[in-house]
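Examining the three-dimensional arrangement
Okay, here's what each chain looks like letter by letter:
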Amino acid sequence: MADNPKPGSNFIFGKKTEGSDHVPGVLKYPAMSKLAEYNNDLCEAKYGSHKREPLGKPMTRNYVMPEKVMQEEFRFGQHVIPSEPAKNVLFPEGGEKHETPRVAAMYLKTHGTFEPGQQKERNYNWPIDKKNHRFGYIEEREADGAAKCVKPERFGESFPETKIVKKTVEDYIEVTKDELGKHKNLGQQSDPNQVFGAMKRKEEWNAAMCIYGVPETRNEVDPEPDLGRCTKMNCTNAVRRPEDTDRAFGVPTIRNDIPKKARKSVADPQNYGDEPEAVKLLFPSSYLEFGITEEDFNAPRSREEIKTIFENIGFQYKIGKFNAMFSRAQQYVNVRIRV
């Protein structure tokens, strides 16, 4: 295999596909003469599908319809008699609409539709008055029935029987059984005021000393030397010049130190000090609805432009009075405005 020569550049790999009929040739029916087409139609006329479904025509079912069906006024289906509109059924004009007793009985039987608070009626023929009759056995009520079952000897003329037993038997019962409302008698005669257990001794250490401890030296109380500052070698923020001790390094967030661009790009995130504060974003000016910003009020304008603004809002002054007002305003703001 390794010594076999390589195939040439024109060599084609794979198996060659044998030629066959093309799709247009398979779909295209060969042309026939008029005599051949007539002969083919006679042969096709023998099939029922050719008679029921002729080419280019709807399917023929060969139904024999009565004469009245062939008339133009004939309509299939059952004629519907007009009834009450659905709107009047859902929303009656006189308010709530009640069914007749016969219709209500039909709905009750077929759908189980009961009115609110309606009692279920099975239409039984009772030989008694069902409204006043009560079923079941009536038992006379007896007072203090449970107490008589627990202590029958304490009611009526009966009294508990007095029994005389040996003292050793009562002592045994007192020691072996628990008495209601008292501790168990263990047969130990002791002072009732005696308190058992070990007395708690007052210790110098308490919970606060366990948490904070008791420092022995000043070094244990002082904070760590690396608290709030870096003590790693060659990583401290030590300044080289004494005048840079209180210097704030870095670039400020609001760049008032560089000039503002005439046309700021939408991709420029830098704040040049002309952006509004948070309070203005939360409570914007009412003039923003008209497209007027604060810069429009502070922008210098010419004499003619100011006069036009006053005339548009309904204030028209003579030329002498307007010039006096303009000069007075110019002195007040101490700004030189172009004429």
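Take the overall build of the chain next. On a plain count of helices and strands, the chain comes out with 12 helices and 0 strands. Its helices and strands taken in sequence order, the chain reads α-α-α-α-α-α-α-α-α-α-α-α from the N to the C terminus. Against the compact-globule benchmark of 20 Å for 339 residues, the chain has a radius of gyration of 58 Å, which places it well outside the compact range. Split into buried and exposed, the 339 residues of the chain put 4% on the buried side. For the chain, restricting intrachain contacts to residue pairs at least 6 apart in sequence, the fraction spanning at least 24 positions comes to 10%. A total accessible area of about 35600 Å² is found for the chain, and carbon and sulfur atoms account for 55% of it. For the chain, the separation between the mean place of its 54 positive charges and that of its 52 negative charges on side chains is 7 Å.

Nonpolar side chains collect at one region of the surface, where Y124, W126, I128 and F135 lie side by side and expose about 460 Å² of accessible area between them. Tracing the backbone shows W126 in the loop between α5 (101-110) and α6 (145-150). Looking at W126, the relative accessible area reads 39%, which means it is partly exposed.

The bulk of non-glycine residues show a negative phi, and the bulk of peptide bonds are trans. Unusually for a residue other than glycine, N62 sits at a positive phi of about 60°. Tracing the chain through its elements places N62 in the loop between α3 (48-52) and α4 (86-90). Residue classification places N62 among the exposed positions, given a relative accessible area of 62%.

What follows covers the pattern of salt bridges. Side chains that carry opposite charge are capable of pairing whenever their charged atoms lie near each other. Evaluation of the coordinates by the stated rule reveals 7 salt bridges. Close ionic contact of K261 with D268 constitutes a salt bridge, the shortest N to O distance being 3.9 Å. Linked through salt bridges whose partners overlap, the residues forming this network are R241, E243 and D244.

Mapped onto the elements, G181 comes out in the loop between α7 (167-176) and α8 (207-212). Between the C-alpha atom of G181 and that of P92, which follows or precedes it by 89 residues, the distance is 76 Å.

Within the structure shown, the criterion is met by 6 aromatic pairs. Consider the rings of F11 and F13, whose centres lie 4.9 Å apart with planes at 85°: the pair is edge-to-face. On the basis of relative accessible area, F13 is assigned to the exposed category, the value being 66%. For the pair F74 and F76, a centre-to-centre distance of 4.9 Å together with 85° between the ring planes defines the contact as edge-to-face.

What follows covers the confidence of the model for the chain. Scored by pLDDT, the chain has a mean of 80; 91% of the residues are at 70 or more. For the chain, the element scoring lowest by mean pLDDT is helix α1 (residues 23-27), at 74; helix α11 (residues 303-312) scores highest, at 89.

To continue, consider the environment of W205. Considering the arrangement of structural elements, one finds W205 in the loop between α7 and α8. Classification of W205 by relative accessible area gives partly exposed; the value is 48%.

Now for the packing of α11 against helix α12 (residues 319-333). Packing of α11 against α12 leaves a shortest axis separation of 11 Å and a crossing angle of 115°. By the angle between their directions, the pair α11 and α12 is classed as roughly perpendicular. Viewed along their axes, α11 and α12 form a crossing whose handedness is right-handed. Where α11 abuts α12, its residues R303, I306 and K307 lie against I319, F322, N323 and F326. Taken together, the residues that form the contact of α11 with α12 break down as 4 nonpolar, 1 polar and 2 charged.

For K6, the location among the structural elements is in the segment before α1. C-alpha separation for the pair K6 and Q331, spaced 325 residues apart in sequence, amounts to 100 Å.

Basis of the calculations
- Residues numbered from 1 in each chain as written.
- Predicted model: local features only at pLDDT ≥ 70, side-chain atom pairs only at ≥ 80, totals over all residues.
- Heavy atoms only, no water.
- Helix = DSSP H or I, 4+ residues; strand = E, 2+ residues; numbered from the N terminus.
- Rg over C-alpha atoms; globule rule 2.2 N^0.38 Å.
- Buried < 20%, exposed > 50% of the residue type's maximum accessible area, 1.4 Å probe, protein only.
- Contact = heavy atoms within 4.5 Å.
- Areas by Shrake-Rupley, 256 points an atom, 1.4 Å probe, with all protein chains shown as cover.
- Lys, Arg positive; Asp, Glu negative; His and termini not counted.
- Charge placed at Lys NZ, Arg CZ, Asp CG, Glu CD.
- Patch = residues over 30% accessible without salt bridge, like charges linked within 9 Å, V, L, I, M, F, W, Y side chains within 5 Å.
- Salt bridge = Lys/Arg side-chain N within 4 Å of Asp/Glu carboxyl O.
- Phe/Tyr/Trp six-rings, centres within 6.5 Å; stacked < 30°, edge-to-face > 60°.
- pLDDT = per-residue confidence, 0-100.
- Axes fitted to C-alpha atoms, helices over the stretch in contact; angles between N-to-C directions.
- Parallel < 35°, antiparallel > 145°, perpendicular 65-115°, else oblique.
- Left-handed = near helix turned anticlockwise from the far one by under 90°.
- Nonpolar A, V, L, I, M, F, W, Y, C, P; charged D, E, K, R; others polar.

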